[in-house]
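Chain by chain, the residues:
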Amino acid sequence: MLKKKVDKSISNVDKIVTWLIIWWALASIFWASQTSLWKRVFNNSIWVFKKVFWFSYNIFWKSIVKLISLTKRKK
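What this report covers is the structure whose coordinates are included nearby.

1. Section: the layout of surface pockets
Then step 1. Volume-wise, the largest pocket comes out at about 380 Å³.
Then step 2. Taken together, Leu20, Trp23, Trp24, Trp38, Val41, Phe42, Ser45, Ile46 and Phe49 make up the lining of the largest pocket.
Then step 3. When residues of the lining of the largest pocket are traced back to their parent elements, those giving at least two are helix H1 (8-29) and helix H2 (36-71).

See the structure below:
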């Protein structure tokens, strides 16, 4: 049959997200989410995610502005 080509980086991200969901479910089953260590790890991971997200968001929009300013011609 026909197989679609999948970018490896996308499949790696899917694997990471899937494992995070599985581990989160297991932690909630065993009440690990109630411990202070788990809360600290979770808050640190959220903080890192926010920093990475905002950094990439800023870089994206700065590059868009540069491209627009380079393509815009002065008359």
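Next comes the rest of the description.
2. Section: a nonpolar patch on the surface
Then step 1. A cluster of nonpolar residues, Trp19, Ile22, Trp23, Leu26, Ile29 and Phe30, forms a patch on the protein surface that exposes about 690 Å² of accessible area.
Then step 2. For Phe30, the location among the structural elements is in the loop between H1 and H2.

Cut-off values and rules
- Residues numbered from 1 in each chain as written.
- Predicted model: local features only at pLDDT ≥ 70, side-chain atom pairs only at ≥ 80, totals over all residues.
- Heavy atoms only, no water.
- 1 Å grid on protein atoms, 1.4 Å probe; cavity = no way out; pocket = protein on both sides within 12 Å on 5 of 7 lines; lining within 4 Å.
- Points joined across faces, edges and corners; volume = space filled by probe spheres on them.
- Helix = DSSP H or I, 4+ residues; strand = E, 2+ residues; numbered from the N terminus.
- Patch = residues over 30% accessible without salt bridge, like charges linked within 9 Å, V, L, I, M, F, W, Y side chains within 5 Å.
- Areas by Shrake-Rupley, 256 points an atom, 1.4 Å probe, with all protein chains shown as cover.
- Salt bridge = Lys/Arg side-chain N within 4 Å of Asp/Glu carboxyl O.

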